[in-house]
Amino acid sequence: MSTKVFTRQDVESHNQAGDLWVIIDSKVYDLTKFKDMHPGGVGVLLHSDVAGLDATEAFYGLHKGEVLDRPQYKRLVIGTVKDEEPLVAPPGPGDISLVPYAEPTWLTPGYYSPYFKETHRTYQKAIRQFIDEVITPDAAFNGSRGKRPSTEVNEKMAELNLFAMSLGPGKHLKGLKLMNGLVTPEEFDPFHELITSQELVRCGDRGYGDGIIGGLVIGLPPVINFGSEELKQKVLPEVFSGKKFICLAISEAHAGSDVFGLQTSAEKTEDGKHWIINGTKKWITGGMYADYFSTGCKTEDGFTVILIPRVEGVETKPIKTSYSPSAGTAYVTFDNVKVPVENTLGPEGGGIFVILSNFNHERWVMCCSSARSQRYIIERCLKWINQRKAFGKPLANQPVVRAKIAAMISRAEAIQAWLENITYQMCNMSYKQQASKLAGQIALLKAYSTKSAQQTAQDAVQIFGGRGITQSGMGAEIEHYYRTVTFDSLLGGSEDVLADLGVRQAIKAMPKNSKL
Ligand code: HEM
């Protein structure tokens, strides 16, 4: 980049089509050649309020700052303005955002938390930097092309044991070096896990995020909790090292949440040593990449979960959903697939327990990411209403816009506070206690959170206007959010069913002697 210094008067004379300069945030750009390639057209650049002048405000009203960081546009800088410094400072990798409400209070300078300790703070710092530097660029590149996360990202995640950590605390972490030794397996608790889930959301591409760990978070727990020692010793190291991938295969075209309506069947061979599996599975996150499928099957005794490796007779086809194919969402067919009975997860006929046992955890993970993605949208809305002018004033001057933002912030703060409370309970309760005491709380939080998220998505689109429905430019993240927000309200139990579950759990726990 040139370090030449110009006065504003020097720049002013370059205001013609054949010689066109502008100032953006104290830098001088020569747009003479670029103007004909400018996606916004030549006319806007030759306008008498722009050509040869300071176009900072006009620029930020129409573009994201990151446009100027693209190598092809960086080259347009020919110098800086004398005695002026840049005012716009994009956060660097790992930085905390200083936009109000962009971070939960525990991360916001000057605020306190009873839950987060030094170990959580150092962990958060390291993981944010890793995500900003390694995952976000790959998400922008591969996510937008519908490609799976790169091998390099998988390898780096495995080095830090991020795959293992994304399943939360537990025996599976024993002996592993986590985040280069920054946190020990013994001290790793649900707050570390909350941080992992929430930071990952910031990569900005929902489908890509699911492509990285979506299949693993729901597919591996049945193996960890119900697989034989031999099976665990084989599968866990393969998956944690990023060499093999796993998914959960339950839903079918015939039946979704109604597991007893499922038709995929598993029958024993005559010698009783193998299962023969036939059937189909639909909407299987990560299925396209999976080497293993934790699969719900109809068996003689009822419903059984079996770990099916990608062997002869297993086929996967991509399903096009509203988000990026990076999630690897698949239609899976099992055609006379032969699997050893040792691959049975949990008791034969006891599959419903295997599936139900991870539901709370799955829903809690979804609450973590839903809470964080709402905050991500709030940050973008706050920036937008501050920099965008309409009717001669910033959008923030409009009371209707402020009312929408007020409601968004209130919902996000309430969700995070409730989530942190539940997480604290998880730190102190046994798995069994969690199942009885937190199932209702988590179900209600998930229902509330996903409903709030949809309202926030709708309001954000209204605030961004046409940009909120455009897949590129300033509103791209809003459009993406609006398009994919309903995922959380469906997966892991749909919104109304969960709200109802929360109340049914409360009624079940009513003291018999309690009357008005
Ligand atoms: C270094 C200077 C500039 C560069 C590199 C640049 C680049 C771009 C790019 C890449 C887009 C496509 C949309 C996006 O990705 O955000 C765009 C759109 C646009 N630009 Fe620029 N631009 C520059 C300066 C300006 C200036 C000074 C104006 C003055 C008003 C302007 C007006 C517009 C308009 C009106 C659009 C269309 C926006 C839309 O579709 O929403 N640009 N520009």
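Just so it is clear, the structure is predicted and the values come from calculations on it, not from any experiment.

Procedures and definitions
Residues numbered from 1 in each chain as written. Predicted model: local features only at pLDDT ≥ 70, side-chain atom pairs only at ≥ 80, totals over all residues. Core = buried A, V, L, I, M, F, W, Y, C linked by C-beta atoms within 7 Å. Buried ≥ 20, exposed ≤ 12 C-beta atoms within 10 Å, placed from the backbone. Helix = DSSP H or I, 4+ residues; strand = E, 2+ residues; numbered from the N terminus. Axes fitted to C-alpha atoms, helices over the stretch in contact; angles between N-to-C directions. Left-handed = near helix turned anticlockwise from the far one by under 90°. Contact = placed C-beta atoms within 7 Å. Nonpolar A, V, L, I, M, F, W, Y, C, P; charged D, E, K, R; others polar. UniProt positions renumbered as here; feature names shortened; annotations may be inferred. Expected span 1.5 Å × (residues − 1). Near = placed C-beta within 6 Å. Pairing = 2+ DSSP bridges.

Draft legend 1. Local environment of the nonpolar core. Ile277, Ile306, Ile308 and Cys381 are the most contacted members of the largest nonpolar core, which totals 104 residues. No other element matches the 12 residues that helix 13 (residues 359-387) contributes to this core. Listed in part, the 13 residues of the second largest apolar core include Val11, Tyr29, Ala51 and Ala55.

Draft legend 2. Spotlight on the packing of helix 16 (residues 439-464) against helix 19 (residues 495-508). With their axes 8 Å apart at the nearest point, helix 16 and helix 19 run at an angle of 150° to one another. For the element pair helix 16 and helix 19, the recorded crossing hand is left-handed. For the pair helix 16 and helix 19, the contacting residues are Ala439, Gly440, Ala443, Leu444, Lys446, Ala447, Thr450 and Lys451 in the first and Glu495, Leu498, Ala499, Leu501, Gly502, Gln505 and Ala506 in the second. Split into classes, the residues belonging to the contact of helix 16 with helix 19 amount to 8 nonpolar, 4 polar and 3 charged.

Draft legend 3. Region of the structure containing the UniProt feature "domain: Cytochrome b5 heme-binding" (unreviewed entry) in the protein. Within this structure's numbering, the places UniProt gives as "domain: Cytochrome b5 heme-binding" (unreviewed entry) are residues 3-82. A helix fraction of 25% and a strand fraction of 24% characterise residues 3-82, whose end C-alpha atoms lie 11 Å from each other.

Draft legend 4. Molecular detail of helix 16. With 26 residues, helix 16 extends 37 Å between its outermost C-alpha atoms, agreeing within 8% with the 38 Å of an ideal straight helix rising 1.5 Å per residue. Looking at the residues trailing helix 16, positive phi occurs at Gly465, about 60°.

Draft legend 5. Geometry of the site of the ligand. For the ligand, the set of nearby residues contains 20 residues, the closest of which are Pro39, Gly40, Ala55, Tyr73 and Gly473. Elements with a minimum of two residues in the shell around the ligand: strand 3 (19-24), helix 2 (43-46) and helix 3 (56-62). Of all the elements, helix 3 adds the most residues to the shell around the ligand, at 3 residues. Taken together, the residues of the shell around the ligand break down into 14 nonpolar, 5 polar and 1 charged.

Draft legend 6. Spatial organisation of the environment of Asp10. Here Asp10 lies in helix 1 (residues 8-12). Using a count of 16 C-beta atoms within 10 Å as the deciding quantity, one classes Asp10 as partly exposed. When the C-alpha atoms of Asp10 and Asp54 are compared, they prove to be 12 Å apart, with 44 residues separating the residues in sequence.

Draft legend 7. Spatial organisation of the sheet that holds strand 1 (residues 5-6). Spatially, 5 strands are ordered 1-5-4-3-2 in an open sheet, and the strand pairing comes out mixed. The sheet terminates laterally at strand 1 and strand 2 (15-16), the two strands that pair on one side only. In the sheet, strand 3 pairs with strand 4 (residues 27-30) via 4 bridges, with the strands oriented antiparallel. Bridging across to strand 4, Ile24 finds its partner in Lys27.

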